[in-house]
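Structural characterization, general
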Amino acid sequence: MTSFCPEGSKARFAAGCQRERAQDWWEEVGYTLGSPPIETMTWSNFVTRFREEFASAVEVQQVAREFLDMRQMTKTVADITTKFRERDISVPQYTTDEEMRKNQYHDMMSSDIREFVSFLACPTLDDMISRAQEREIDLEHIGKRKVEHGQMKGVSVKKPKGFDSRSKGQQSQSCYGKFDREHDGVCRVGGSGCYKCGSFLVNGIPALFLFDSGATRSFISLELSKRFNDVPGELKYPLDVEIANAHLMRVSRVHRGCTLELFSEQYPIDLVLISLGKRKVIVGMD
């Protein structure tokens, strides 16, 4: 309940909300202290008296342990946030300021959400909750993509034995393309794209592409970024990215509104700068 009362009126407002046993207790307090002390009682004094009457030390310790041990597990961000807000008012010793609340909430999140929610990039608890909800949506999309990908894995197309779809002229050729990837036939990078090399155009520049269904963002190597005409901008929040050796790298720059060309079709894409080596692009599910 939120009263929006001025500090001097909180105790009187809370007293008017008491029912049954709590109302009897408050009437006894009034009888003992008399009218003037009741009218001038501070909010902290009221809370202290209320807890002494209705919350034993053992009960307070139990609530505190439950609050500190809370973990998201299989709950949604909305569910765990509701539970957090219900409990934090009962243990003010652990939530006296915004930083303490952020620390506790951050520890409570599941690891696959927590690793993408930068503590330093969230000035308030509400910012952190919003970031957690965004990551939860990203994970839902990734899960759906993986299911679809798994269903497609069971479908295969077999060519007749001894069949070769290449023309006679192509069968005898071999090409390293522009990225040292050997394949038969003509390398078409620089045109509509070469699926044999895995190389296509981004902003009109040939690049080696990796399509990653597990990535929630798309990335570009620092070397390739230097060939763009525009200067990269800044992400709204820094992003912690786990690279191949399980090392976390924090990135913050992005090329927005780039153009990816795949077989004569153009697609808009935002590319986050990261150390990849050579002229590479990773296309995620964003």
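What counts, and at which threshold
Residues numbered from 1 in each chain as written. Predicted model: local features only at pLDDT ≥ 70, side-chain atom pairs only at ≥ 80, totals over all residues. Heavy atoms only, no water. Phe/Tyr/Trp six-rings, centres within 6.5 Å; stacked < 30°, edge-to-face > 60°. Buried < 20%, exposed > 50% of the residue type's maximum accessible area, 1.4 Å probe, protein only. Pairing = 2+ DSSP bridges. Helix = DSSP H or I, 4+ residues; strand = E, 2+ residues; numbered from the N terminus. Salt bridge = Lys/Arg side-chain N within 4 Å of Asp/Glu carboxyl O.

Description of the packing of aromatic side chains
Enumeration according to the criterion identifies 11 aromatic pairs in this entry. Each ring, one from F200 and one from F209, has its centre 5.8 Å from the other, and the planes form 85 degrees; the classification is edge-to-face. With respect to burial, F200 and F209 carry one shared label: buried. Connected via pairs of aromatic rings, a cluster forms that spans W25, W26, W43, F46 and F50.

Some remarks on the pairing of strand β7 (residues 280-283)
As paired elements, strand β2 (residues 205-211) and β7 share four bridges and run parallel to each other. What sits directly across from L210, in β7, is I282. As paired elements, strand β3 (residues 219-221) and β7 share two bridges and run antiparallel to each other. Looking at the pairing, F219 lines up with I282 of β7.

Some remarks on the pattern of salt bridges
Taken as a whole, this structure holds seven salt bridges when the rule is applied. Put simply, R87 and E66 hold a salt bridge, and the shortest N to O gap is 3.3 Å. One end of the pair, R87, is in helix α6 (residues 77-88); the other, E66, is in helix α5 (residues 57-69), and 21 residues separate them in sequence. With a closest N to O distance of 2.8 Å, D88 and R101 form a salt bridge. Taken together, the residues span a long stretch of sequence, with D88 in helix α6 and R101 in helix α7 (residues 98-108) at a distance of 13 residues. Of the two residues, D88 and R101, both sit in the buried class. A cluster of three or more residues bridged by salt bridges with shared partners is formed by D88, E98 and R101.

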